[in-house]
Amino acid sequence: MPYRAIKGGFSSFFSHKKKAKINNMAKKKKENQSPTSAASQVEVPKKILSPAKKVDKQTVVSVLEGIATLLELKGENPFKSRAYRTAARVIDSLAEELDELVAQGRLKGIKGIGEGIGEKITQLITTGSLPYYEELKKEFPASLLELLEIPGVGPKRAKILYEELGIKDIDSLEKACKEHRIAVLAGFGPKSEENILLGISQYRSFAAYHRYGDLINIVEELLGYLKKNPSIIHVHVAGSFRRGKEIVKDLDFICTSGTPQAVMDYFVRFPQVSRIVNHGETKSTVLLEKGISCDLRVVPDEDYAYALLHFTGSKEHNVALRQRAIAQGKKLSEWGLFRVSRAQERETAEGESEDNPKLVQPFESKIPCRSEKEIYAALGLAYIPPELRENMGEIEAAEKNEIPRLVEWEDIRGVFHCHTTESDGRSSLEEMAKAAMDMGLEYLGIADHSKSSFQANGLSEERVYAQMEKIKNMNAQWKNFRLLSGIECDILKEGKLDFPDSLLKELDYVVASLHAGFSGDEEDNTQRLIKAMENPYVTMLGHPTGRLLLVRKPYPVNMDKVIDCAARTGCWIELNAQPMRLDMDWRLWKTARDKGVKCVINPDAHHFKEIAFFKIGVNIARKGWLRKEDVINCLPLKEVIQALQIKGRKKKGF
DNA sequence: GCCGTTTTCGGCCCGACTGTTTTCAGTCG
């Protein structure tokens, strides 16, 4: 299932010197692919909107998706709403400029865009609005769409709730459940009420948080904006975002300047600010358009390192550092690291007595530190990277100079687990391979869905063999790059796999993943995973807990047993870098690593641009204390092929 | 609403699961 949590792509986080080349390549390809017969063309519009009013591609995508949802709510022909969703996906994956396609009348030639939708897109691009969509929106209150966020409430049920009980938002739905007005409706019952209430509680507990991957663009934009201000000397993002937490509540920025008030005034004028919460002299808080709260603090330049350390946290890490400072006769705060001397103060303090120690003012001298590294050094510690600052053993390790050299995204030499248009991906095999090469990767593993994933157009055995043949032929043209033939094989009931061993053994590797039926209990789920991992041809376990950040909790599974099984069988565990997943969780990796389990960082890409997701995965691997040698895909091509072959031999004897 | 053709309209994404109902509808992946 493709997730499009990060709409509009990433900017410099995923920038690459060859990015432009990729785009040009894709653009050229699309141009060649788009049929443009005169009969299939829509009427060529005479005028495209001026740049100020230009409707961007993402707006078109969200309008098409909006129409699809509203049609579902209306109870229209499901294939009609599906057509709009397909069109949204097609537009989203276009490499060409949408307004150019419209201007040249080449829109309708694209597969998935017919006459009706083509005309609507043209209207939206050329006039800036779409009356059809505006009329549809009038039929239901906007808040009704919220109900669809509640697990177990789909368009049909939302419609019934609205029409029968006038429920139009989550608050009124909750009230109706508590008053038992839902259970009496046809098709609903007491269990429905119970599940909806549970779903509402889950929805609310997630509402105040944001996924790391959803914030990368806004962080970069704000940093870029602040750096343009000449009175700002240093600026850095701090907080949980800097620590690479998968979920972030708010953003913290630290900067230094000699004119703090001017910086504050500049900050609150950032174009994406939707509301100014506080506008102080050295600290301001704003709400950004995406609903995230964002703080900026200005400190004198000489205090930069202390402030950055303090506001990066975590709180637990800071407490441990302060306790350490106290034990050494020092004091640490956002304003500095101080040496505290009571002896010196006793000589100078006036009015002191043993009965009245409060009068004693300790003498403090600041220990000058220009960087976080210097602060750690002054505390007798090695530098601790932000990702490790969770008070989970990093201070003890730093004391012994045992902080590992953590994996970096430049260490990654290739990735596994990518999808193509053969199943539910949005880029072709050729586009995926070219993008991987342009990113400097040496290999790219293709793992489309297996046949049981009907919703994802999973491959039949025949199609798998055909894809293997195609990959083999494509590989003949490259010396320093290789496509690997894999499959994301569904784990079925009782741990049975979707394909027979006779097929699995022909592939370069197998990712085994659970996609359905994980509503069983912990023991059932755990045994299914273990049974799959014990299969001699399963190379790695895909997204082990099935969580979708801020959407769905992990299914119940005993990860200790799964990790032990991985250690025993040599089955690798995936760190799925899809921003919605980031699964297996970073908190488990250090234990897994210590047991000898190898990690594979996979983007689970459904579009060539998503291959770069592996960089978010590297963040999580770093939080999990993983080193280059713990991550399989840091191996160069020759060694990874060797590893796959050795692994195959070992596992056959398992 | 799109596609492909049998060119004027039928087929399009299937199956598990849950909760409801008593044979099925809705949701989800």
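Calculation notes
The residue numbers shown here count from 1 along each chain, following its written sequence. Here chains are named by letter from A upward and ligands by number from 1 upward, in the order in which they appear as written. This being a predicted model, a pLDDT of at least 70 is required before a residue's local features are given, and a value of 80 or more before pairs of side-chain atoms are given or counted; all residues contribute to the totals for chains, interfaces and linings. Hydrogens are left out, water is left out, and the side-chain values use all remaining heavy atoms of the structure. Between N-to-C directions, angles cover 0 to 180 degrees, with each direction set by a line fitted to C-alpha atoms, over the stretch in contact for helices. Comment: elements are numbered from the N terminus, with helices defined as DSSP H or I runs of at least four residues and strands as E runs of at least two. The scheme is simple: roughly parallel for angles under 35 degrees, roughly antiparallel for over 145, roughly perpendicular for 65 to 115, oblique for anything else. Rotating anticlockwise by less than a right angle from the far helix to the near helix defines a left-handed crossing, while the corresponding clockwise rotation defines a right-handed one. When checking whether two residues touch, look at their non-hydrogen atoms; a contact exists if any pair is within 4.5 Å. Note on residue categories: nonpolar means Ala, Val, Leu, Ile, Met, Phe, Trp, Tyr, Cys or Pro, charged means Asp, Glu, Lys or Arg, and polar means any other residue, Gly included. The criterion for a residue being near a molecule or strand is simple. One of its heavy atoms has to lie within 4 Å of it. A 3.5 Å cut-off defines polar contacts: any pair of N or O atoms within that distance qualifies, except that in protein one atom must be a possible hydrogen donor and the other a possible acceptor, and neighbouring residues in sequence count only when both atoms are side-chain atoms. One bridge is not enough; two strands pair if DSSP finds at least two bridges between them. What counts as a salt bridge is simple: a side-chain nitrogen of Lys or Arg found within 4 Å of a carboxyl oxygen of Asp or Glu. For every residue, the predictor assigns a confidence score, pLDDT, that lies between 0 and 100. Burial classification: accessible surface area is computed with a 1.4 Å probe over protein chains only, and a residue below 20% of its type maximum counts as buried, one above 50% as exposed, and the rest as partly exposed. Candidates for patches are residues over 30% relative accessible area with no salt bridge; among them, like charges are joined within 9 Å and nonpolar side chains (Val, Leu, Ile, Met, Phe, Trp, Tyr) within 5 Å. To be clear on the numbers: accessible area is Shrake-Rupley with a 1.4 Å probe, and residue cover counts the displayed protein chains and nothing else. In this charge count, Lys and Arg are treated as positive and Asp and Glu as negative; neither His nor the chain ends contribute. Throughout, a charge is located at the NZ atom of Lys, the CZ atom of Arg, the CG atom of Asp or the CD atom of Glu. Directions are taken from the helix axis to each C-beta atom, and the arc is the one they span. We call a set of buried Ala, Val, Leu, Ile, Met, Phe, Trp, Tyr and Cys residues a nonpolar core when their side-chain atoms join them within 4.5 Å. As used throughout, domain bounds are those supplied by an automatic or database domain assignment.

Draft legend 1. Quick look at the packing of helix α2 (residues 57-74) against helix α5 (residues 115-127). Where α2 contacts α5, the axes come no closer than 11 Å and their chain directions differ by 135°. Comparing their axes, α5 and α2 come out oblique. α2 and α5 meet at a crossing whose hand is right-handed. Residue-level contacts link Val60, Val63 and Leu64 of α2 to Ile117, Ile121, Leu124 and Ile125 of α5. Classifying every residue of the contact of α2 with α5 gives seven nonpolar, no polar and no charged.

Draft legend 2. Here's a closer look at the protein's contact with DNA strand B. Close contacts around DNA strand B come from 35 residues, with Gly112, Gly154, Gly189, His515 and Arg552 the closest. Considering the 4 Å shell around the protein, atoms of DNA strand B inside it are sugar or phosphate in 73% of instances. In the model, a sugar or linking oxygen of DNA strand B is placed 2.7 Å from a nitrogen or oxygen of the histidine 515 main chain. Here the surface near DNA strand B takes five residues from helix α3 (residues 78-92), the largest share from any one element. Here the surface near DNA strand B is built from residues that sort into twelve nonpolar, 13 polar and ten charged.

Draft legend 3. Region of the structure containing the sheet that holds strand β12 (residues 443-449). Taken in spatial order, the seven strands of this open sheet run β11-β12-β13-β14-β15-β16-β17, and their pairing is parallel. Each end of this open sheet is capped by a strand with a single partner; those strands are β11 (414-418) and β17 (599-602). Sheet contacts for helix α19 (residues 429-438): β11, β12 and β13 (482-490); angle to β12, the most-contacted strand, approximately 150°.

Draft legend 4. Examining the pattern of salt bridges more closely. Within the structure shown, the criterion is met by 43 salt bridges. Arginine 204 is the salt-bridge partner of glutamate 174, the closest N and O atoms lying 2.9 Å from each other. Taken together, the positions of glutamate 174 in helix α9 (residues 170-178) and arginine 204 in helix α10 (residues 190-207) put the pair 30 residues apart, joining distant regions of the chain. Connected through shared salt-bridge partners, Lys74, Glu76, Lys80 and Glu139 make up one network.

Draft legend 5. The arrangement of the confidence of the model for chain A in detail. Residues of chain A with pLDDT of at least 70 account for 87%, and the chain-wide mean is 84. Least confident of the elements in chain A is helix α1 (residues 19-33), whose mean pLDDT is 33; most confident is β17, at 97. Confidence over residues 14-46 falls short of pLDDT 50; this stretch has 51 contacts with residues more than four positions distant or in other chains. Confidence drops under pLDDT 50 across residues 344-360; counting only partners more than four residues distant or on other chains, this segment forms nine contacts.

Draft legend 6. Seen up close, unusual backbone geometry. Note the cis peptide between glycine 313 and serine 314, where omega equals 0°. Its location among the elements puts serine 314 in the loop between α14 (304-312) and α15 (315-327). Of note, the amide linkage connecting aspartate 583 to methionine 584 takes the cis form, showing an omega dihedral of 25°. Inspection of the secondary structure puts methionine 584 in the loop between β16 (572-576) and α24 (589-594). We note that leucine 582 has phi near 45°; this positive angle belongs to a residue other than glycine. Its place among the elements puts leucine 582 in the loop between β16 and α24. According to the relative accessible area criterion, leucine 582 is buried, its value standing at 1%. Of note, the phi angle at aspartate 604 is positive, near 50°, even though the residue is not glycine. Following the sequence through the fold, aspartate 604 ends up in the loop between β17 and α25 (614-623).

Draft legend 7. Structural view of a negative patch on the surface. On the surface, Glu494, Asp521, Glu522 and Asp524 cluster together into a patch of negative charge. Within the secondary structure layout, aspartate 521 lies in the loop between β14 (511-513) and α22 (522-534).

Draft legend 8. A look at the environment of glycine 105. Residue position: glycine 105 is located in the loop between α4 (98-103) and α5. Sequence separation between glycine 105 and threonine 122 is 17 residues, and the spatial gap between their C-alpha atoms is 8.9 Å.

Draft legend 9. Representation of the packing of α2 against helix α8 (residues 155-165) within the structure. Contact pair α2 / α8: the axes reach a minimum separation of 7 Å and the direction vectors enclose 60°. Relative to α8, the element α2 is oriented oblique. Handedness of the α2/α8 crossing: right-handed. Taken together, the residues of α8 that come into contact with α2 (itself represented by Glu72, Leu73 and Lys74) are Pro155, Ala158 and Lys159.

Draft legend 10. Structural view of helix α23 (residues 559-569). Those residues of α23 lying buried are Met559, Val562, Ile563, Cys565, Ala566 and Thr569. Buried residues along α23 cover an arc of 160° about the axis, so they all sit on one side. Here α23 starts with a cap whose side-chain oxygen sits 3.0 Å from the backbone nitrogen of aspartate 560, and that cap is asparagine 558. Once α23 ends, the next one or two residues include glycine 570, with phi positive near 80°.

Draft legend 11. Quick peek at the nonpolar core. Counting residues in each nonpolar core, the largest one holds 105 residues, and the members touching the most others are Leu226, Leu251, Phe253, Leu444, Leu483, Ile601 and Ile611. The leading source of residues in this core is helix α11 (residues 212-227), at nine residues. If you count residues domain by domain, this core takes at least three from each of domain 3 (210-299) and domain 5 (409-527 + 540-638). Once residues lying within four places of it in the same chain are set aside, the contact partners of leucine 483 are Leu429, Ala433, Leu444, Ile446, Ile471, Met474, Asn475, Trp478 and Asp508.

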